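The primary structure of each chain is shown beneath.
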Amino acid sequence: MPAAKSSALRLTDSPAAYGLISKFLHWGMVGLFVWQLTSVLLRVFFWESGGEAQAAARAMWRTHHQVGVLILGCALLRGSWGLLNARRRPPHEDSVLGRAAWLGHLALYALMILVPSIAVLRFHAMARAPLNAFGFEILPQGPAPNEALRSIGDLLHGPLGWTLFALIFGHILMVVLHQVFWRDATLARMTGEGAPPVA
Ligand code: HEM
Ligand code: HEM
């Protein structure tokens, strides 16, 4: 079936399904978020546990800021791609649930950008060292310590990070509801060819 094949290999989004680039960014970032959640959970539960669990917690934690910076870069790229595709990607239903889904996605984007940005600004405000990730200098060392900016970071980064994880959990729960109870094409839009929107 050549028509089906070409729609499955589409790079850009269509009203029936997300294209390959959106799918790659979505599922690739799911992997990064699993990594990031593992790093914070190990830190919370095993930081002082001793033994191999503590060694694993500390090793994972050394990757937290780098993976966070990567998430920020991917979120900016994904947001720009989303805006470029805004007119052709699967529309949200014109209903209360559809508007809630739109708001939920918007909140996910806001936090995906805000949470790592706050941490990057806090790091810069500490003025201790340049911010490096994966061998690249992302930001030069801050000129002088900025205690106000640093305390805003201390106050907000962790709580907003947990809020983001909670929102992701809610997002996954909604996808499960769509798949198991309403049996519609929501999941298929992000995994396969989806279905054209109902008029
Ligand atoms: C989307 C990306 C990120 C997420 C979801 C995230 C999430 C979190 C969470 C939930 C905590 C609290 C852990 C606890 O309660 O002990 C935390 C702590 C921390 N994060 Fe991140 N983080 C991200 C990016 C970054 C980046 C880019 C940096 C550094 C530039 C960073 C540096 C830190 C530091 C130093 C802490 C410990 C101090 C604190 O609790 O604020 N994070 N992160
Ligand atoms: C197992 C985990 C996940 C599953 C099964 C899943 C599934 C889906 C599905 C089916 C859609 C399409 C919804 C629609 O068209 O109405 C979607 C969209 C979306 N998902 Fe996920 N998701 C997961 C994890 C995540 C994570 C970790 C994030 C990160 C914050 C995320 C952020 C988004 C966003 C922002 C959209 C809107 C489309 C876009 O701009 O990419 N998802 N997800």
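In what follows, the structure referred to is the one given above.
Residues numbered from 1 in each chain as written. Chains lettered and ligands numbered in written order. Predicted model: local features only at pLDDT ≥ 70, side-chain atom pairs only at ≥ 80, totals over all residues. Heavy atoms only, no water.

Colleague: I'm lost on the site of ligand 1 in this one. Help?
Modeller: Around ligand 1 there are 19 residues in total, and His64, His65, Arg122, His157 and Trp162 lie nearest to it. One of the side-chain nitrogen or oxygen atoms of Arg43 is found 3.3 Å away from an oxygen atom of ligand 1. His64 is positioned with one of its side-chain polar atoms (N or O) 2.8 Å from a nitrogen atom of ligand 1. Broken down by secondary-structure element, the contributors of at least two residues to the shell around ligand 1 are helix H2 (20–46), helix H3 (51–84), helix H4 (96–126) and helix H5 (147–182). Broken down by element, the shell around ligand 1 gets its largest block of residues, six residues, from H3. (Near = heavy atom within 4 Å. Polar contact = N/O pair within 3.5 Å; in protein donor to acceptor, adjacent residues only side chain to side chain. Helix = DSSP H or I, 4+ residues; strand = E, 2+ residues; numbered from the N terminus.)

Colleague: For this particular structure, what's the right way to read H5?
Modeller: Along an α-helix, residues three or four positions apart point the same way, because every turn accommodates 3.6 residues. For H5, with 36 residues, the first-to-last C-alpha span of 51 Å sits near the 52 Å given by 1.5 Å per residue. The axis of H5 is deflected most strongly, by about 30 degrees, at Leu156, and proline Pro159 appears within four residues downstream. Packed against the buried residues of H5 are H2, H3, H4 and helix H6 (186–191). Its side-chain oxygen at 3.3 Å from the backbone nitrogen of Ala148, Asn146 defines the N-terminal cap of H5. (Expected span 1.5 Å × (residues − 1). Bend = angle between axes of the 7 residues up to and from the residue. Contact = heavy atoms within 4.5 Å.)

Colleague: Just to check I follow, could you spell out the environment of Ser22 for this structure?
Modeller: Relative to the helices and strands, Ser22 is located in helix H2. For Ser22, a relative accessible area of 5% gives the class buried. In sequence terms Ser22 and Arg89 are 67 residues apart; their C-alpha atoms lie 9.6 Å from each other. Beyond its immediate sequence surroundings of up to four residues, Ser22 is in contact with Asp13, Trp81 and Arg89. Of the polar contacts made by the side chain of Ser22, one reaches the side chain of Arg89; its length is 3.3 Å. (Buried < 20%, exposed > 50% of the residue type's maximum accessible area, 1.4 Å probe, protein only.)

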